[in-house]
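Each chain is listed here by its residues.
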Amino acid sequence: MTGFEVDLPAGSTRVSALVQAPADPVAVILLAHGAGAGMDHPFLTGLADALEQARFAVERFVFPYLEAGRRMPGPAAHATATWTAAMRDAEQRFPGLPVIAAGKSYGGRMASMAAAEGLIAPAALVYLGYPLHPPGAPEKLRAAHLPAITAPQLFVEGTRDPFLQPLEQFAEVVAHCQHAEVVWIEGGGHSFDVAGTKRPAYEIGASLAGPVADWVARQGIV
């Protein structure tokens with residue numbers, strides 16, 4: 001367990017991080033948790049372990065609200081400041097390696113906001129279940145900033161994720177991005193669980209490493 005300092009309006013605070021890396025990493029993946037689970041959730045652990053086997057260094061971290069023991073996310077500015085600090089920490093730990101910003105749901109959305117605001121400049125962004133809108137409220141889109149992002153973006157999405165319905169709306173959002181692709185998990189929900197099958201969260205997370213690694217390679221990042 002390690003960590004890094006985050007500069008917030010009320011002062012500096014320290015957040016925890018987990019770092020794992022093979023002997024010869026080809027790139028770094030910064031991996032943020034969703035709103036309702038921490039960095040040690042089995043889904044993220046499985047994904048991180050599989051990415052390490054694919055020769056990526058992986059750094060997981062928590063947002064300040066969770067570090068403080070609160071359940072609800074704090075202001076978006078706190079999250080984007082954390083992403084800024086996480087990028088700086090990853091670049092210092094692994095100098096010279098490209099850094100990819102990735103996150104489950106909330107964590108990925110906050111990365112996209114930081115990138116759109118010019119606070120971070122990752123080699124690419126990977127969203128694991130991007131929360132396009134609250135379930136049942138497609139009019140409350142969280143997408144206005146996405147076209148401003150210049151780095152390649154990968155959306156890994158379940159076809160029955162309630163945060164994306166209707167899928168036609170999501171397709172239109174992706175079409176307006178500068179450089180974006182989608183990997184669909186057929187029948188997958190927001191946590192990529194598929195109806196009628198039972199798989200541990202660790203296994204589900206690990207299964208996504210292959211598509212992510214393949215996409216990163218196709219971008220010429222590694």
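Our structure's up above, just so we're on the same page.
What you are looking at is a predicted structure, and each value in this text was computed from that prediction instead of being measured.

Caption draft 1: Geometry of the overall build of the chain. Along the backbone of the chain there are 7 helices and 8 strands. Relative to the 2.2 N^0.38 estimate, which gives 17 Å for 222 residues, the radius of gyration of the chain is 16 Å and therefore close to what a compact globule would have. Looking at the 222 residues of the chain, the share that counts as buried comes to 52%. Within the chain, contacts between residues at least 6 apart in sequence are counted, and of these 73% link residues at least 24 apart. About 9500 Å² of surface is accessible on the chain, with carbon and sulfur atoms providing 55% of the total.

Caption draft 2: Inspection of the sheet that holds strand β5 (residues 99-104) at higher detail. Ordered by their spatial adjacency, 8 strands build an open sheet running β1-β2-β4-β3-β5-β6-β7-β8, and the pairing between neighbours is mixed. The strands lining the two open edges of the sheet, one partner per strand, are β1 (2-8) and β8 (180-185). On average, adjacent strands in this sheet sit at an angle of 25° to one another, irrespective of strand direction. Strand direction decides the pairing type here: strand β6 (residues 124-128) and strand β7 (residues 153-158), joined by 4 bridges, are parallel. Bridged to L128 within β7 is V156. Contacting β1, β2 (11-20), β3 (27-32), β4 (56-61) and β5, helix α3 (residues 76-93) runs over the sheet at an angle of about 135° to β1.

Caption draft 3: Structural view of the packing of aromatic side chains. One pass over the full model with this rule turns up 11 aromatic pairs. Look at F170 and W184: their rings are 5.6 Å apart centre to centre, the planes differ by 80°, and that puts the pair in the edge-to-face class. With F170 in helix α5 (residues 167-175) and W184 in strand β8, this pair connects stretches of sequence that are 14 residues apart. The class of F170 is buried, set by a relative accessible area of 1%. Taken together, the ring pairs in this structure connect F4, F61, F63, Y65, W83 and Y106 into an aromatic cluster.

Caption draft 4: How the structure looks around the pattern of salt bridges. By the definition in use, this model includes 7 salt bridges. A salt bridge links R93 to E59; the shortest N-O distance between them is 3.8 Å. Of this pair, R93 sits in helix α3 while E59 sits in strand β4, and the two are 34 residues apart along the sequence. Under the relative-accessibility criterion, E59 is labelled buried at 0%. Note that R218 and E181 form a salt bridge whose closest N and O atoms lie 3.3 Å from each other. Taken together, the residues span a long stretch of sequence, with R218 in helix α7 (residues 209-218) and E181 in strand β8 at a distance of 37 residues.

Caption draft 5: Fine view of α5. Looking at α5, one finds that the buried residues are Q169, F170, V173 and V174. The buried residues of α5 occupy an angular sector of 140° when the element is viewed end-on, so they sit on one face. Of the exposed residues in α5, the ones pointing more than 90 degrees away from its buried face are E168 and A175. On the buried face of α5, the contacting elements are β7 and β8.

Caption draft 6: Main features of unusual backbone geometry. A cis amide bond links Q165 with the next residue in sequence, P166, at an omega value of 0°. Among the structural elements, P166 can be located in the loop between β7 and α5. Non-glycine residue R55 carries a positive phi angle of around 75°. With respect to the element layout, R55 can be found in the loop between α1 (42-53) and β4. Take R55: its relative accessible area is 38%, and that puts it in the partly exposed class. At S105, a residue that is not glycine, the phi angle is positive and equals roughly 50°. Turning to its location among the elements, S105 is positioned in the loop between β5 and α4 (106-116). Judged by relative accessible area, S105 falls into the buried class, the value being 11%.

Calculation rules
- Residues numbered from 1 in each chain as written.
- Predicted model: local features only at pLDDT ≥ 70, side-chain atom pairs only at ≥ 80, totals over all residues.
- Heavy atoms only, no water.
- Helix = DSSP H or I, 4+ residues; strand = E, 2+ residues; numbered from the N terminus.
- Rg over C-alpha atoms; globule rule 2.2 N^0.38 Å.
- Buried < 20%, exposed > 50% of the residue type's maximum accessible area, 1.4 Å probe, protein only.
- Contact = heavy atoms within 4.5 Å.
- Areas by Shrake-Rupley, 256 points an atom, 1.4 Å probe, with all protein chains shown as cover.
- Pairing = 2+ DSSP bridges.
- Axes fitted to C-alpha atoms, helices over the stretch in contact; angles between N-to-C directions.
- Phe/Tyr/Trp six-rings, centres within 6.5 Å; stacked < 30°, edge-to-face > 60°.
- Salt bridge = Lys/Arg side-chain N within 4 Å of Asp/Glu carboxyl O.
- Arc of directions from axis to C-beta.

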